[in-house]
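Descriptive structure summary
Listed here are the chains, written in short residue letters.
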Amino acid sequence: MSEVILEVRDLVKHFPIRQGVLFKKTVGQIKAVDGVSLDLYKGETLGIVGESGCGKSTLAKLLMNLETPTAGSIRYQGRDVLRLSPGDQRRLRRNIQLVMQDPYTSLNPRMTVGDIVGEPFEIHTDVAPKGDRRRKVQELLDVVGLNPEHINRYPHQFSGGQRQRIGIARALALRPEVIVCDEPVSALDVSIQAQVMNLLDSLQNEFNLSYIFIAHDLSVVRHIADRVGVMYLGKMVELGKDDEIYDSPTHPYTQALLSAVPVPDPTARQHKTVIRLEGDVPSPANPPSGCRFRTRCWKAQEICATQEPLLQISARSAHPSACHFAEARDVVHAG
Amino acid sequence: MTDIKVNTAPVLGADKKAGGHLLEVENLHVEFRTRDGIAKVINGVSYHVDAGETLAVLGESGSGKSVTAQTIMGILDTPPGFVTGGSIRFRGKDLLTMPKDERRLVRGEGIAMVFQDALSALNPVFTVGFQISELFRKRRGMSRADGMKRAVELLDQVKIPAAKTRIKDYPHQFSGGMRQRVMIAMSLALDPEILIADEPTTALDVTVQAQIMDLLAEIRRERNMGMILITHDLGVVADVADRIAVMYAGRIVEQADVHSLYAKPCHPYTMALLDSLPRLDLKGQELNTIKGLPPNLMRIPSGCAFHPRCSMVRDICRSERPALLPIGNRASACHFAEELVGRE
């Protein structure tokens, strides 16, 4: 494989729960991200899936340095991001950019598209000289498939899909190497979703980008990702190449998640095995001891409550899986 | 376990009672009069539902699928929304010409609705038990205590654990999936004959979505209700629907039973929609896309509304609007539907 561009080790983010009006005291911790490690290779797409509350968006914020981690390290090309001086950090941020979920709230309604896409150049003035900016912005609009003549329009004059393209153009402005996409297509209609996914695909080839692609839609992630990580309650429970995860998942949670995805094929009703999970995800303020999935798991035994399973390769799982009883099972029945 | 039994739904077109279907929407027209102009949101929609069957209404945002449901329920915001034509017959009686009081009785007892966003559909300042029992007090004349008792039974039916204590909780104390269960319990309170579910699982995670869809299917079967499932998710539809109506720009462009629709879509829009879908069980390279954008409902294109985005467009599509015509046991609104049906 090619070189590692981003290296995350034991990343932890706990949010304090405070109570009281005048004298706030901390009464607990929301363990949003609790010891996540991953590597991102140059030119690949790493998909992160999980249900709401599993910590995937907090992970995105940590990677973007928008939140300070409680513990752990993030290394970009071998340099520890968290230990850099503020100036170095700002320069480094050029290389890691974010595409946000909601194209309606992530664009300032009072700025023109030209100002939005050109704003990165205002902050990093050495990238493009002042006189050159307008031309650069128009180039970017062209790259993402928007009409360069619409540079003076406002966000409300665009549709959802077009707005997401504006967000992508803004992320591309500083020629980053890594783009973190946090649910980039979940707010879009099916027909528009495909357009944006194809755009992300072609941009990756054109600029040799690495993506961290966060989504709750497993079909979307299967389509775009080279490797996939599955998160549950702040932990990575399974990590592998997309075929490994989708065709032979070994963690019970991944199996249940995959089996619950409705397949757009009515003939699948007959031979589909759906694993039904009972109940809801426990609160991240007070996660279960041992394996966090054990309260909803049909394989759970005593050891699961006392000993936390590590994310590792075992005799029965060819890729890292955090389960004492990991065992491959095909639940998708790929055609 | 999942439901793989063949359900007892009547065959396409079979009449249950003399004179027609349980619910019959015919040639419905709705427009929104706004400051910027008139948006024609529904332009002649017809469909019907019978007891025990599930009709899925499929469409993207702005296709008019939710507005049709709101019009059936009589909860369309007027103004700006106005019904400009058509009829909605429930048990043979037109809901649109019915006096207000009579129509009010149909709501809840005849036709009930489950909304997408349970948190904003429930009142945050009353307990869940109060809100459910309110139906029994207002409509059945029950006492407060009896109403609460019935509410507990209902919460039990929708499988909310410890219903007796949860009844005193407020909506924000429930998780998303549990809130949707409360919504379903509420809609079932007066034993409706038809349940309209408007994107009931869009705001939920997949594992919870599976639980809720199971619950709806089970209840529909037990009570032999008719169900209208409104959704944009082609996966959910394939799992539960008997028949499907695909909407585009306020019209139904294709109607068929679920198996024929997925096996051989007969409208270019349905075809493109299915092609543009990323699949869990198939790893494709490039997704086919539908070029362009959904139409602005204030300026719906001439002829076939889909023609600017259609890959098969010919001259006739720009000038003449294709009607929704039956071909065999299905219907398609395309000039070239015959060709599409005949293809291999």
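Thresholds applied
- Residues numbered from 1 in each chain as written.
- Chains lettered and ligands numbered in written order.
- Predicted model: local features only at pLDDT ≥ 70, side-chain atom pairs only at ≥ 80, totals over all residues.
- Helix = DSSP H or I, 4+ residues; strand = E, 2+ residues; numbered from the N terminus.
- Rg over C-alpha atoms; globule rule 2.2 N^0.38 Å.
- Contact = placed C-beta atoms within 7 Å.
- Buried ≥ 20, exposed ≤ 12 C-beta atoms within 10 Å, placed from the backbone.
- Pairing = 2+ DSSP bridges.
- Right-handed = clockwise from strand over helix to strand, strands pointing away.
- Nonpolar A, V, L, I, M, F, W, Y, C, P; charged D, E, K, R; others polar.
- Arc of directions from axis to C-beta.
- Axes fitted to C-alpha atoms, helices over the stretch in contact; angles between N-to-C directions.
- Parallel < 35°, antiparallel > 145°, perpendicular 65-115°, else oblique.
- Left-handed = near helix turned anticlockwise from the far one by under 90°.
- pLDDT = per-residue confidence, 0-100.
- Core = buried A, V, L, I, M, F, W, Y, C linked by C-beta atoms within 7 Å.

**Overview of the overall build of chain A**
Broken down by element type, chain A carries 11 helices and 12 strands. Against the 2.2 N^0.38 benchmark of 20 Å for 335 residues, chain A shows a C-alpha radius of gyration of 21 Å, consistent with a compact globule. With the C-alpha coordinates aligned to their principal axes, the bounding extent of chain A is approximately 70 × 60 × 45 Å. For chain A, the proportion of contacts with a sequence separation of at least 24, taken over those separated by at least 6, is 65%.

**Concerning the overall build of chain B**
In terms of regular secondary structure, chain B is built from 13 helices and 12 strands. Against the 2.2 N^0.38 benchmark of 20 Å for 344 residues, chain B shows a C-alpha radius of gyration of 21 Å, consistent with a compact globule. Residue pairs at least 24 apart in sequence account for 64% of intrachain contacts in chain B once pairs closer than 6 positions are excluded.

**So, the pairing of strand β8 (residues 226–231) of chain B**
Residues and elements named next belong to chain B. Among the 6 residues in β8, 6 count as buried, and that is most of the element. Two elements, strand β3 (residues 54–58) and β8, share 5 bridges in a ladder whose sense is parallel. Paired with Leu55 across the strands is Ile228, a residue of β8. For the crossover that starts at strand β7 (residues 194–198), traverses helix α8 (residues 206–223) and ends in the parallel β8, the hand is right-handed.

**Concerning the sheet that holds strand β4 (residues 71–76) of chain A**
Residue and element names in this part refer to chain A. Pairing in this open sheet of 4 strands is antiparallel, and the strands run β2-β1-β4-β5 from one edge to the other. Only two strands of the sheet have a single neighbouring strand rather than two, namely β2 (25–41) and β5 (79–80). As judged from the 13 bridges shared by strand β1 (residues 4–19) and β2, these two strands associate in the antiparallel manner. Opposite Phe15, over in β2, you have Ile30 as the bridge partner.

**A word on the interface of chain A and chain B**
Of the residues lining the interface, 37 residues belong to chain A; the matching set on chain B comes to 40 residues. Elements with a contribution of two residues or more to the side of chain A that touches chain B: α6 (190–207), α7 (218–224), α9 (252–260) and α10 (268–271) of chain A. Tallying contributions element by element places α6(A) first for the side of chain A that touches chain B, with 6 residues. Grouping the constituent residues of the side of chain A that touches chain B by class yields 18 nonpolar, 11 polar and 8 charged.

**Concerning helix α4 (residues 133–143) of chain A**
Residue and element names in this part refer to chain A. Listed in full, the buried residues belonging to α4 are Val137, Leu140 and Leu141. End-on view of α4: buried residues confined to an arc of 100 degrees, all on one side of the axis. In α4, the exposed positions that point more than 90 degrees away from the buried face belong to Arg135 and Asp142. Check the buried side of α4 and you find it contacts α3 (113–123) and α5 (160–172). Just downstream of α4 lies Gly145, where phi reads positive at about 85 degrees.

**Structural notes on the packing of α5(A) against α6(A)**
Residue and element names in this part refer to chain A. Orientation of α5 relative to α6, taken along the N-to-C sense of each, is 20 degrees, at an axis distance of 9 Å. By the angle between their axes, α5 is roughly parallel relative to α6. Where α5 crosses over α6, the two elements pack in a sense that is right-handed. When α5 is examined against α6, the residues Gly160, Gly161, Gln164, Arg165, Ile168 and Leu172 are found in contact with a partner set consisting of Ile192, Gln195, Val196, Leu199 and Leu203. Class assignment for the residues of the contact of α5 with α6 results in 6 nonpolar, 4 polar and 1 charged.

**Quick look at the confidence of the model for chain B**
Residue and element names in this part refer to chain B. The predicted model of chain B averages 86 in pLDDT, with 93% of residues at 70 or higher. Mean pLDDT across the elements of chain B bottoms out in helix α13 (residues 337–342) (82) and peaks in strand β9 (residues 243–248) (94). Note on residues 1–18: pLDDT under 50 across the span, and 23 contacts to partners over four residues away in sequence or across chains. Reported confidence for the predicted complex is 0.76 by ipTM and 0.83 by pTM.

**Some thoughts on the sheet that holds strand β1 (residues 23–34) of chain B**
Residue and element names in this part refer to chain B. Taken together, 4 strands build an open sheet; the order of strands is β2-β1-β4-β5 and the sheet is antiparallel. Whereas interior strands pair on both sides, the edge strands pair on one side only; in this sheet they are β2 (37–49) and β5 (93–94). Direction of pairing for strand β4 (residues 81–90) relative to β5: antiparallel, over a ladder of 2 bridges. Across the sheet, the residue bridging to Phe90 is Lys93, located in β5. The strands touched by helix α1 (residues 65–73) within the sheet are β1, β2 and β4, with β1 carrying the most contacts at an inclination of about 110 degrees.

**Overview of the pairing of β3(B)**
All names here are of chain B. Within β3, 5 of the 5 residues are buried, which leaves the element mostly enclosed by the surrounding structure. Covered by surrounding structure in β3 are Thr54, Ala56 and Leu58 together with Leu55 and Val57, the residues of both alternating faces. Where β3 and β9 come together, 4 bridges link them in parallel fashion. Note on β9: the bridge partner recorded for Val57 is Ala245.

**Focus on helix α11 (residues 268–275) of chain B**
Of all 8 residues in α11(B), 6 are buried, a share of seventy percent or more. Every buried residue of α11(B) is accounted for by B:Pro268, B:Tyr269, B:Thr270, B:Met271, B:Ala272 and B:Leu273. In this fold, the buried residues of α11(B) make contact with α6 of chain A together with α9 (234–240), β9, β10 (251–257) and α10 (258–263) of chain B.

**Brief notes about the nonpolar core**
Residues A:Ile212, A:Phe213, B:Ile228 and B:Ile244 are the most contacted members of the largest nonpolar core, which totals 192 residues. Discounting residues that sit within four places of it in the chain, A:Ile212 has contacts with A:Leu40, A:Leu46, A:Ile48, A:Leu63, A:Val180 and A:Cys181.

**Digging into the packing of α3(A) against α5(A)**
Residues and elements named next belong to chain A. For the pair α3 and α5, interaxial distance at closest approach is 7 Å and the crossing angle is 30 degrees. Classified by the angle between their axes, α3 and α5 sit roughly parallel to one another. For the element pair α3 and α5, the recorded crossing hand is right-handed. Side by side, α3 and α5 meet where Val113, Ile116, Val117 and Pro120 of the first sit next to Ile166, Ala169 and Arg170 of the second. A breakdown of the residues in the contact of α3 with α5 according to their chemical character gives 6 nonpolar, no polar and 1 charged.

**A word on the environment of A:Gly78**
Mapping A:Gly78 onto the fold places it in the loop between β4 and β5. For the pair A:Gly78 and A:Val332, spaced 254 residues apart in sequence, the C-alpha to C-alpha distance is 38 Å.

**Some details on the environment of B:Gly342**
All names here are of chain B. Positionally, Gly342 belongs in helix α13. By the C-beta count within 10 Å, which is 10 here, Gly342 ends up exposed. As for Gly342 and Lys264, which are separated by 78 residues in sequence, their C-alpha atoms are 9.9 Å apart.

**Comments concerning the environment of B:Thr97**
Residue and element names in this part refer to chain B. By the element assignment, Thr97 lies in the loop between β5 and α2 (100–109). With 9 C-beta atoms packed within 10 Å, Thr97 lands in the exposed category. Put simply, Thr97 and Ser87 are 10 residues apart on the chain and 8.4 Å apart in space, counted from C-alpha to C-alpha.

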